[in-house]
Amino acid sequence: MLRQRVDPELLNRIVKRRVAEVWGEARRLTDPVLADAAQAVAEEAERRSKQFMTDALVMWYLRARDAQEAEERRYEVVQKYLRWRDYMDGSVEGIRRYANRDK
């Protein structure tokens, strides 16, 4: 993704898939306390994903004054994507740690 032109539709599919992954992990838990904690993690991940997509779309569709500004916006979107991806990875790993306690 870093070397390609960023495509909002592709990014939307990636975001939906990652949110579904987080929710899938959360739904596997059977212990009520751990399931509630995992649900809270999944809800926060979903909220952050929506905010990330909103921010990314705003940056894409605002007109840039020149090529340098357009490149800076693309860089910002990529940086936001990397932070979002790290958060999602951490969410999945956190829920998996809950699952290990649930066994």
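What comes next is a walk through the structure. (Residues numbered from 1 in each chain as written. Predicted model: local features only at pLDDT ≥ 70, side-chain atom pairs only at ≥ 80, totals over all residues. Heavy atoms only, no water.)

## Thoughts on the nonpolar core
1) Next: Among the nonpolar cores identified, the biggest contains 25 residues, and L11, V15, V22, F52, W84 and I95 are the most heavily contacted of them.
2) Next: Secondary-structure elements contributing two or more residues to this core are α1 (8-27), α2 (32-61) and α3 (67-102).
3) Next: The element that contributes the greatest number of residues to this core is α2, accounting for eleven residues.
4) Next: Look past the residues within four positions of I95 in its chain and what remains in contact with it is V22, E25, A26, L29, A38 and V41. (Core = buried A, V, L, I, M, F, W, Y, C linked by side-chain atoms within 4.5 Å. Buried < 20%, exposed > 50% of the residue type's maximum accessible area, 1.4 Å probe, protein only. Helix = DSSP H or I, 4+ residues; strand = E, 2+ residues; numbered from the N terminus. Contact = heavy atoms within 4.5 Å.)

## Things to note about α1
1) Next: Over its 20 residues, α1 extends 28 Å from the first C-alpha to the last, a length consistent with the 28 Å expected when each residue adds 1.5 Å.
2) Next: Every buried residue belonging to α1 is among P8, L11, I14, V15, R18, V19, V22, W23, E25 and A26, and all of these are buried. The buried residues of α1 occupy an angular sector of 165 degrees when projected down its axis, which confines them to one face. Exposed residues lying more than 90 degrees from the buried face of α1 are E9, K16, R17 and R27.
3) Next: Taken together, the buried residues of α1 touch α2 and α3. (Expected span 1.5 Å × (residues − 1). Arc of directions from axis to C-beta.)

## Description of the packing of aromatic side chains
Describing an aromatic ring pair means giving the distance of the ring centres and the angle of the ring planes.
1) Next: Scanning the entire structure with this criterion turns up three aromatic pairs.
2) Next: Between F52 and W84, the aromatic rings sit 5.4 Å apart at their centres with planes inclined by 10 degrees, giving stacked as the arrangement. In this pair, F52 is assigned in helix α2 and W84 in helix α3, connecting sequence segments 32 residues apart. The two residues F52 and W84 agree in class, both being buried.
3) Next: In textbook terms, an aromatic cluster arises when at least three aromatic residues are bridged by ring pairs, as seen for F52, Y81 and W84. (Phe/Tyr/Trp six-rings, centres within 6.5 Å; stacked < 30°, edge-to-face > 60°.)

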